[in-house]
Amino acid sequence: MKKVINPVTRPGKLKKYSITPNGIIGDSENARLSVTFLTKQIVQVKFLRSADRDLPSYAVTAAIQSVKLKISEQKNLIKISNVGFNVLVDRSESSISFQTINGKTINQDEKGLGTTWNGEQVTTYKKLMEGERFIGLGEKVGPLDRRGKGYVNWNTDAFAYHSGTDPIYASIPFYIGIHNGLQYGIFFDNSAKSYFNFGASNNRTSAFYADTGTMNYYFIYGKTVREIIQAYSWLTGNMPLPPLWSLGFQQCRYSYYPESEVRGIARNFRERNIPADAIVLDIHYMDAYKIFTWHPKHFPDPKNLISDLKDDGFHVVVMCDPGIKTEKGYKPYDEGRKQDLFLKYPDGEAYTGQVWPGWCHFPDFTNPKTREVWTGWMKSYADVGVEGYWNDMNEFSSWGQMMPENIVFDFEGQKATARQGRNVYGIQMAKSTFEAAKKNLKGNRPFNLTRSGYAGIQRYAALWTGDNVSYDEHMMLGVRLVNSLGISGVAFSCYDIGGFVGDASPRLFARWISIGAFSPFFRVHSMINSRDSEPWSYGEEVEIISRNYIRLRYQLMPYIYSLFREASISGMPVQRSLAIEYPHREEVYSGLFEHQYLFGPNFLVAPCESQKVIIKVFLPPGGWYAFNDGKYFQGDQIISVDSPVHKLPVFVRAGAVVPTQDTIMHTGEKSDVVHLHVYKGKDGESFEWYMDDGKTYAYEKGESCIRLIRYDGATGKLVIEAQQGNYRPSFRRMNFVFHGFSSKITVTHGGKKVKLKSGEHSFFLPMEKFDPLGDAPDVGSEKVHHFAMPYNAGQVILALKD
């Protein structure tokens, strides 16, 4: 009888193992298994067959820490315990499960399946837990809860993608599972084409698998989703603190040229009193679309242009495409060929693909030598004053979108093919550009933006969600994408406001820019041969709405910059899906409310389509104030609110203290006054207000300051702690604004009652009357109490009584 060969291989029994300082390592029948605790929260699980190649990780930067473990074995079950959770290894089939200290199952391999190989493809099957939800996975379309869906990680130029397109530009194989009051994270660190199945087409398992490579994943346990995000960010590296100007408004188009048009755009912003910090140049600034060149006719003197724009408060961001035109006499081509810096076929011939300049070679950014030479090429931008860089087409993209998978990547000298290299091309280009700019700018922080990336991309660049489309569904999809990226360690991300493809209607643009004001990165972008998409190009009403929300962005800059500082040290996103703070609330995953997010700890944003004038909003527990008019709502309920196009539903947490400043035209201007908006609450709240020069790395040497703000609603005590650090801000006065307090409020400072003023307050300029039959749109205002005092770098204590 013919023997039947099982096409699927499992590790088999764990025959022997030894204890290591941070776990165990052992040999099963068909693979080597290692279980390694990096911290008390993070454990690495790796299966390695003799034929597998263990390539370097471009995601993980953290080093193993010392962890106290207790390891025991009973009835073929190895138990590895620490103070955080337990790992159980079933020796009979080399399967893994994770339990709380109290024995509750957090996550476990599906019995009989576990880790398997189907040829080169390697999979780990996990048991679907009752009521389990899945969030994260980075830049993925679809709903907040991934349950019942499947996804592919394979970086792809997805022009005009839609709500069902997968994959798109970036791959971040990290997700968070939520069930039964528990939450955990899994990061599958395999850069090959990978797949995640969260119960799609089956009711037994969730699974993650890759076409080739090792089964190498990190399990993260936390008591909160916040803890898991912070641990993942520690593992893959936190983002750098960006330059302050990059958080202002950026205007982009494919393309602004010649230089007279660029100057005209800048002049319009200033003459119309619309704040802005950057103008972005797409590929038409180049000579024949060749990177590191300037068009001799359109931009004959880029250094002078950029200098003039900086004098007016504008930075310039330039497009950087990886394709190097195959043209003799073109310096990057000649040097790249001479020094063997390009991706190549297995026979050694340089790979050639077609993109904007024509036929091109592509730098191999996994080669240290290429990264070094790229720094030299990038210097030409720094020499003319460029401090912003936009890495595009780095999936990478070439016409036909079918790069051969046998293309060889250097992989730090270990050699691999495009099967492992494609997904890391974007992150390695972003790394090369960031490190080059950091060196060439000699002390100034660069702004670096990328379309493509892999896990850990936050260390090098902001990420935007690519070539979106001008319609409401895409606007809402962009919000979900940024929410998901935040869950996945990318705090600095955005969408193209107004949509890149197509023509936005005036209402759509107005709504989109109001939402964008509460996003991490604030940029308008539009495609060639589409309508103009500057704030004034949609008519007078939309110009006023745009001006109001862009002004608001600049008023909130002290708060926003503090959020980015928090992201740079903890990984907490700026735009926070409600699933981070309220992961076990059903409302969070409803299609009605899944777009809602917290902008930092204190603002609740409820995005909605441009045509909706009334929407339902889920208010989480606690008290909330409507941002426009100060109306108070008790939380833990669903309410209906008006949402006219000029008034985005936004709420402020009761008990919050929000630092703001006067409206400025760009971040290079300084406000003399800091406004501290105090929202009456019952509970205690705190906020770390951070300041530095916003430009250099002097903060790394102590040239920064932090002021902890504490407000206890129960006692009425408000404390602004003394500055910690050497930086001295420009503020000369502190203006305290009290929201939600009655006319009976008294404020005591230094034992003396201060004299309060009362009046109407609004963050927005009044709207003009556009409908001859109706009234001017009401932007909203509220009655507040306020007083000002000289800026005090020492501790300030106020006693509030109402």
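Residues numbered from 1 in each chain as written. Predicted model: local features only at pLDDT ≥ 70, side-chain atom pairs only at ≥ 80, totals over all residues. Heavy atoms only, no water.

Enquirer: Give me the overall build of the protein: which residues, what numbers.
Expert: Broken down by element type, the protein carries 11 helices and 53 strands. The C-alpha radius of gyration of the protein comes to 27 Å, within 12% of the 28 Å expected for a compact globule of 802 residues. Its C-alpha atoms give the protein principal-axis dimensions of roughly 95 × 70 × 55 Å. Sequence separation of 24 or more characterises 70% of the internal contacts of the protein that already satisfy a separation of 6 or more. Accessible surface, the protein as shown: approximately 29,200 Å² in total, 49% of it carbon and sulfur. Of the side chains in the protein, 92 bear a positive and 84 a negative charge, and the two mean positions are spaced by 6 Å. (Helix = DSSP H or I, 4+ residues; strand = E, 2+ residues; numbered from the N terminus. Rg over C-alpha atoms; globule rule 2.2 N^0.38 Å. Contact = heavy atoms within 4.5 Å. Areas by Shrake-Rupley, 256 points an atom, 1.4 Å probe, with all protein chains shown as cover. Lys, Arg positive; Asp, Glu negative; His and termini not counted. Charge placed at Lys NZ, Arg CZ, Asp CG, Glu CD.)

Enquirer: Explain the nonpolar core to me, using residue names and the numbers behind them.
Expert: Grouped together as the largest cluster of nonpolar side chains are 223 residues, with contacts concentrated most on Y381, F518 and F736. Looking at this core element by element, the count peaks at 9 residues for helix α6 (residues 418–440). Beyond its immediate stretch of four places on either side in the chain, F736 contacts L676, L718, I720, H785, H786, F787, M789, V796 and L798. Counting residues in each nonpolar core, the second largest holds 38 residues, with F47, V89, I96 and Y221 among its members. (Core = buried A, V, L, I, M, F, W, Y, C linked by side-chain atoms within 4.5 Å. Buried < 20%, exposed > 50% of the residue type's maximum accessible area, 1.4 Å probe, protein only.)

Enquirer: Account for the packing of aromatic side chains, with residues named and values stated.
Expert: In this structure the tally under the stated criterion is 75 aromatic pairs. Ring centres of F85 and F98 lie 6.5 Å apart, and the angle between their planes is 55°; this geometry places the pair in the tilted category. Residue F85 is found in strand β8 (residues 85–90), and its partner F98 is found in strand β9 (residues 95–100); the two are separated by 13 residues along the sequence. Assessed through its relative accessible area of 0%, F98 is described here as buried. (Phe/Tyr/Trp six-rings, centres within 6.5 Å; stacked < 30°, edge-to-face > 60°.)

Enquirer: Got a sec to walk through the side chain of D109? Specific residues and values, please.
Expert: Relative to the helices and strands, D109 resides in the loop between β10 (105–108) and β11 (115–118). By relative accessible area, which is 5% here, D109 ends up buried. In this structure the side chain of D109 is engaged in a polar contact, spanning 2.8 Å, whose partner is the side chain of K126. (Polar contact = N/O pair within 3.5 Å; in protein donor to acceptor, adjacent residues only side chain to side chain.)

Enquirer: Hey, could you go over the sheet that holds β9 for me, with residue numbers and the actual values?
Expert: On the basis of which strands lie adjacent, the open sheet formed by 5 strands has the order β6-β7-β8-β9-β10 and antiparallel pairing. The open sheet has two edge strands with one neighbour each: β6 (70–74) and β10. Mean inter-strand twist for the sheet, computed between neighbouring axes without regard to direction, equals 20°. As defined by bridge partners, β6 adjoins strand β7 (residues 77–81) across 5 bridges and the pair is classed as antiparallel. Residue pairing for β7: E73 is matched across the bridge by I78. (Pairing = 2+ DSSP bridges. Axes fitted to C-alpha atoms, helices over the stretch in contact; angles between N-to-C directions.)

Enquirer: Can you explain the sheet that holds strand β40 (residues 632–634)? Please cite residues and give values.
Expert: With antiparallel pairing, 6 strands are arranged side by side in an open sheet as β35-β36-β37-β42-β39-β40. Edge strands, defined here as strands with exactly one partner in the open sheet, are β35 (575–577) and β40. Looking at each pair of strands side by side, their axes are set apart by 35° on average, direction ignored. Summarising the sheet, strand β36 (residues 597–599) and strand β37 (residues 603–605) pair through 3 bridges and their orientation is antiparallel. Counted as the bridge partner of Y597 is V605 from β37.

Enquirer: Outline the packing of helix α2 (residues 259–271) against helix α3 (residues 302–311), supporting the account with residue identities and numerical values.
Expert: Packing of α2 against α3 brings their axes to within 11 Å, and their N-to-C directions diverge by 5°. The angle between the axes of α2 and α3 places the two elements in the roughly parallel class. Two secondary-structure elements touch here, α2 through E259, V262, R263 and A266 and α3 through N304, L305, D308 and L309. Among the residues making up the contact of α2 with α3, the classes are represented as 4 nonpolar, 1 polar and 3 charged. (Parallel < 35°, antiparallel > 145°, perpendicular 65-115°, else oblique. Nonpolar A, V, L, I, M, F, W, Y, C, P; charged D, E, K, R; others polar.)

Enquirer: Before we move on, can you summarise unusual backbone geometry with the specific residues and values?
Expert: With an omega of 0°, the peptide bond between D166 and P167 qualifies as cis. On the secondary structure map, P167 appears in the loop between β14 (150–153) and β15 (170–171). Note the cis peptide between E395 and F396, where omega equals -10°. The phi dihedral of S201 is positive, around 65°, even though this residue is not glycine. Residue classification places S201 among the exposed residues on the basis of a relative accessible area of 85%. The backbone phi angle of K442 is positive, close to 50°, even though this residue is not glycine. Along the chain, the position of K442 falls in the loop between α6 and β30 (447–450). By relative accessible area, which is 72% here, K442 ends up exposed.

Enquirer: I'd love a proper account of the pattern of salt bridges, names of residues and values included.
Expert: Counted by the stated rule, this structure contains 40 salt bridges. Residue E93 is joined to R10 by a salt bridge in which the shortest nitrogen-to-oxygen separation is 2.9 Å. Residue E93 is found in the loop between β8 and β9, and its partner R10 is found in the loop between β1 (8–9) and β2 (14–20); the two are separated by 83 residues along the sequence. Here E93 and R10 have matching classes, each one buried. The partner of R204 in a salt bridge is E110, and the shortest N-O contact between them spans 2.6 Å. Separated by 94 residues along the polypeptide, R204 in the loop between β18 (194–197) and β19 (205–210) and E110 in the loop between β10 and β11 bring together distant segments of the chain. (Salt bridge = Lys/Arg side-chain N within 4 Å of Asp/Glu carboxyl O.)

Enquirer: Hey, could you go over the environment of G499 for me, with residue numbers and the actual values?
Expert: Topologically, G499 is positioned in the loop between β33 (493–494) and α8 (506–516). Sequence separation between G499 and G478 is 21 residues; the distance between their C-alpha atoms is 9.7 Å. When residues no more than four places from it in sequence are discounted, the contact partners of G499 are N468, V469, S470, W512, H525 and S526.

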